[in-house]
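# Architecture at a glance
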Amino acid sequence: MSIEINFELSDSDLEHFRGMMKAAIEKSGDVSDAEIIAKARDLVATMEKSNLPEFVSTRLISLQTLIDAVLDEEWQMPEDEKREIMASLAYFSEPEDIVPDHIPVLGYVDDAIMIELVLQELSLDLKAYREFCGFRATEEARRGDNAKVDRESWLAGTRSQIRSSMRRGRSKNRSRFFSRIM
C-alpha cells in the first residue's frame, strides 16, 4: 500500500533553491562543458541503478533529454540556450547535496526538486527538442536509405520552424529562473 505526500515550496523555499543553483554555477566556472556533461551523465547512470521513488524517476528522463539536446549536433542548439542548459546541469554535477543521495527514498528529493525547477523553466526547450527528434525519426523511417541524401536541408527547415515557435512561447511564458541566478 502506498501513500501520497504532497508539499508546497514557498517563495522563500524557491529562493533557497535558486541560491543553491547560483552557487553551483559559480563553482562550475572553471569546469568545462565536457566535465559538466560527464558528471551529469554519471548522476543519471547512478540514479538509474538506484531504487528511485517514482517522483524522481519520472523527472530523470527529462534530465537525460536535456543532456541529449546539448550533445545532438543535428539540433544545432544556439549558444544562449546551451548556456542555460549547461548552467542547470552544473547543479547536478555538484557532489554535495542538501540530502545525501545514499539515503534511501529521500536521498534524491533535493535533486528531484531542482530537476522540476529546471524542467519548468526549460519546458519549451524540451518540447521543441522532442518535436525535432520525432520529426527526424519519422523522416528517417519514411525516407529509408535516402534519409542521408540532403539530410541537413530537410532538418534545417523544421529545426528553424520549431525554434521560432519555441522562442515565441518562451517570450510569453518565461519565468526567468535563470535571469535571477545568472
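Residues numbered from 1 in each chain as written. Predicted model: local features only at pLDDT ≥ 70, side-chain atom pairs only at ≥ 80, totals over all residues. Heavy atoms only, no water.

## Side note on the pattern of salt bridges
For the coordinates displayed, the defined rule picks out 14 salt bridges. A salt bridge links arginine 18 to glutamate 15; the nearest nitrogen and oxygen atoms lie 2.7 Å apart. Of this pair, arginine 18 and glutamate 15 both sit in helix α1 (residues 11-27), 3 residues apart, which is roughly one turn of the helix. Note on arginine 18: relative accessible area 11%, which makes it buried. Taking relative accessible area as the criterion, glutamate 15 reaches 45% and is therefore assigned partly exposed. When the shortest N-O distance is used, the salt bridge between lysine 82 and aspartate 33 registers 3.8 Å. Of this pair, lysine 82 sits in helix α4 (residues 79-92) while aspartate 33 sits in helix α2 (residues 33-49), placing them 49 residues apart in sequence. For aspartate 33, a relative accessible area of 23% translates into the label partly exposed. Beyond isolated ion pairs, a larger network of salt bridges with shared partners links Asp72, Glu74, Arg136, Glu140 and Arg151. (Salt bridge = Lys/Arg side-chain N within 4 Å of Asp/Glu carboxyl O. Helix = DSSP H or I, 4+ residues; strand = E, 2+ residues; numbered from the N terminus. Buried < 20%, exposed > 50% of the residue type's maximum accessible area, 1.4 Å probe, protein only.)

## A closer look at the nonpolar core
Ranked by internal contacts, the top residues of the largest apolar core, which has 48 residues, are Trp75, Leu89, Phe92 and Met114. Listed by contribution, the elements that provide at least two residues to this core are α1, α2, α3 (54-71), α4, α5 (109-121), α6 (123-143) and α7 (151-173). If you tally residues by element for this core, the top one is α5, at 8 residues. When near neighbours in sequence (up to four residues on either side) are disregarded, methionine 114 contacts Phe17, Met20, Met21, Tyr91 and Phe92. (Core = buried A, V, L, I, M, F, W, Y, C linked by side-chain atoms within 4.5 Å. Contact = heavy atoms within 4.5 Å.)

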